[in-house]
Amino acid sequence: IMIKRVVLISGNGSNLEAIAKACQNNSIPGSIELVISNQPDVKGLERAQKYHLMTQTISHTDFSSREDFDQALTERVLSIEPDLVVLAGFMRILTTQFTNAFAGKLINIHPSLLPEYPGLDTHKQALENGDLMHGVTIHYVDEGLDSGPIIAQGALKIDPSQSEAKLAQRIHKIEHALLPKVIAEISKGLISLKGKEVKFESKSYFGKNNMEFFNV
């Protein structure tokens, strides 16, 4: 069966590239059918073209309301009939109209160990609060902000002498390792959402260990 995905981006697209590479070398079955950015002329669209992926910009500034933007986005994504929709650095809060349309098929990667630090400026907050650990969370998306059922987390030890930019770089390395692995397992049916619970099949790598430590 051909597994179809749509990836939504807003900027640099480094996670998109990590997914595209993994599709290319067959560690993720299936393909990225469409990449949508809500910002024109971002680096992520260039990266998509490098992998010969179909791209489209649906700019939120072209719509008079959040609902109208989400309506257009929902219709375009539905036209692909995707098995999975991945928010890879997509910087818009989506309305329930969108999240309901793709319930159980919509995942997000967030740069903190949720439930700590939903929203923005996660690295800054982790450093300012003197946290010992920081990381990323991949979760199913529900109607709340960064609140859906957690699939997997990747953690690192914070070096308090490091800058926010250096911490962000280290976090990106975890994202690029973890996200393709999660997508591969979802695509193979090893991870799914049943109601509000994430279900892991016995062969799933993540079921044993939702939190993985990275030395990056």
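Residues numbered from 1 in each chain as written. Predicted model: local features only at pLDDT ≥ 70, side-chain atom pairs only at ≥ 80, totals over all residues. Heavy atoms only, no water.

1. Regarding the pattern of salt bridges
Turning to step 1, where the next piece is worked out: A complete count under the given rule lists five salt bridges for this structure.
Turning to step 2, where the next piece is worked out: For the salt bridge of Glu128 with Lys124, the shortest nitrogen-to-oxygen distance reads 3.7 Å. Of this pair, Glu128 and Lys124 both sit in helix H5 (residues 122-128), four residues apart, roughly one helical turn.
Turning to step 3, where the next piece is worked out: Glu128 sits in the exposed class, given a relative accessible area of 58%.
Turning to step 4, where the next piece is worked out: Salt-bridge contacts for Lys181 lead to Glu212; the nearest nitrogen and oxygen are separated by 3.7 Å. Of the two residues, Lys181 is situated in helix H6 (residues 164-187) and Glu212 in strand S10 (residues 211-213); the sequence distance between them amounts to 31 residues.
Turning to step 5, where the next piece is worked out: A single salt-bridge network, built from bridges that share partners, covers Glu17, Arg47 and Lys50. (Salt bridge = Lys/Arg side-chain N within 4 Å of Asp/Glu carboxyl O. Helix = DSSP H or I, 4+ residues; strand = E, 2+ residues; numbered from the N terminus. Buried < 20%, exposed > 50% of the residue type's maximum accessible area, 1.4 Å probe, protein only.)

2. Considering the nonpolar core
Note that soluble globular proteins tend to have their nonpolar side chains buried in a common cluster.
Turning to step 1, where the next piece is worked out: In this structure, Ile19, Ile32, Val86, Ile107 and Ile151 are the most contacted members of the largest nonpolar core, which totals 42 residues.
Turning to step 2, where the next piece is worked out: When residues of this core are assigned to their parent elements, the largest contribution, nine residues, is made by H6.
Turning to step 3, where the next piece is worked out: Contacts of Ile19, omitting those with residues within four sequence positions, involve Val7, Ile28, Ile32, Val86, Leu179, Pro180 and Ile183.
Turning to step 4, where the next piece is worked out: The next biggest cluster of nonpolar side chains, apart from the first, holds 17 residues, and it includes Val6, Phe69, Val77 and Ile80. (Core = buried A, V, L, I, M, F, W, Y, C linked by side-chain atoms within 4.5 Å. Contact = heavy atoms within 4.5 Å.)

3. Concerning the packing of helix H1 (residues 14-24) against H6
Turning to step 1, where the next piece is worked out: Remark: H1 packs on H6, axes separated minimally by 9 Å, with the N-to-C direction vectors making an angle of 45°. The angle between H1 and H6 falls in the class oblique. At the point where H1 passes H6, the crossing takes the right-handed sense. Taking contact as the criterion, the partners of Ser14, Asn15, Ala18, Ile19 and Ala22 in H1 are, on H6, His172, Glu175, His176, Leu179, Pro180 and Ile183.
Turning to step 2, where the next piece is worked out: Counted by class, the contact of H1 with H6 contains six nonpolar, four polar and one charged residues. (Axes fitted to C-alpha atoms, helices over the stretch in contact; angles between N-to-C directions. Parallel < 35°, antiparallel > 145°, perpendicular 65-115°, else oblique. Left-handed = near helix turned anticlockwise from the far one by under 90°. Nonpolar A, V, L, I, M, F, W, Y, C, P; charged D, E, K, R; others polar.)

4. A short note on the sheet that holds strand S2 (residues 31-37)
Turning to step 1, where the next piece is worked out: Spatially, S3-S2-S1-S4-S5-S6-S7-S10 is the arrangement adopted by the eight strands of the open sheet, whose pairing is mixed. Strands with a single pairing partner mark the edges of an open sheet, and in this sheet they are strand S3 (55-57) and S10. Between one strand axis and the next, the sheet turns through 20° on average, direction left out of account.
Turning to step 2, where the next piece is worked out: Relative to S10, strand S7 (residues 150-157) runs parallel, the two sharing three bridges. From the neighbouring strand, Ala155 faces S10, where its bridge partner is Phe213.
Turning to step 3, where the next piece is worked out: Helix H2 (residues 43-50) rests against strand S1 (4-9), S2 and S3 of the sheet, and its axis sits at about 160° to S3.
Turning to step 4, where the next piece is worked out: Relative to S7, H6 is tilted by about 155°, and along the sheet it contacts S1, strand S4 (84-87), strand S5 (106-110), strand S6 (133-140), S7 and S10. (Pairing = 2+ DSSP bridges.)

5. Section: H1
Turning to step 1, where the next piece is worked out: Counting buried residues along H1, nine of its eleven residues qualify, which places the element largely inside the surrounding structure.
Turning to step 2, where the next piece is worked out: Those residues of H1 that sit buried are Ser14, Asn15, Leu16, Glu17, Ala18, Ile19, Ala20, Ala22 and Cys23.
Turning to step 3, where the next piece is worked out: Close packing links the buried residues of H1 with S1, S2, H2, S4, S5 and H6.
Turning to step 4, where the next piece is worked out: Directly beyond the C-terminal end of H1, a positive phi value near 65° is found at Asn26.

6. Side note on the packing of aromatic side chains
Turning to step 1, where the next piece is worked out: The final tally for this structure, using the stated rule, is three aromatic pairs.
Turning to step 2, where the next piece is worked out: Both rings, one in Phe63 and one in Phe69, keep their centres 5.8 Å apart while their planes meet at 65°; by these two values the pair is edge-to-face.
Turning to step 3, where the next piece is worked out: A ring pair is formed by Tyr205 and Phe206, whose centres lie 5.2 Å apart and whose planes are at 85°; its orientation type is edge-to-face.
Turning to step 4, where the next piece is worked out: Among the residues examined, Phe206 registers a relative accessible area of 1% and is labelled buried.
Turning to step 5, where the next piece is worked out: The ring of Phe69 carries Arg92 above its face, with NZ or CZ at 5.3 Å from the centroid. (Phe/Tyr/Trp six-rings, centres within 6.5 Å; stacked < 30°, edge-to-face > 60°. Lys NZ or Arg CZ within 6 Å of the ring centre and 35° of its normal.)

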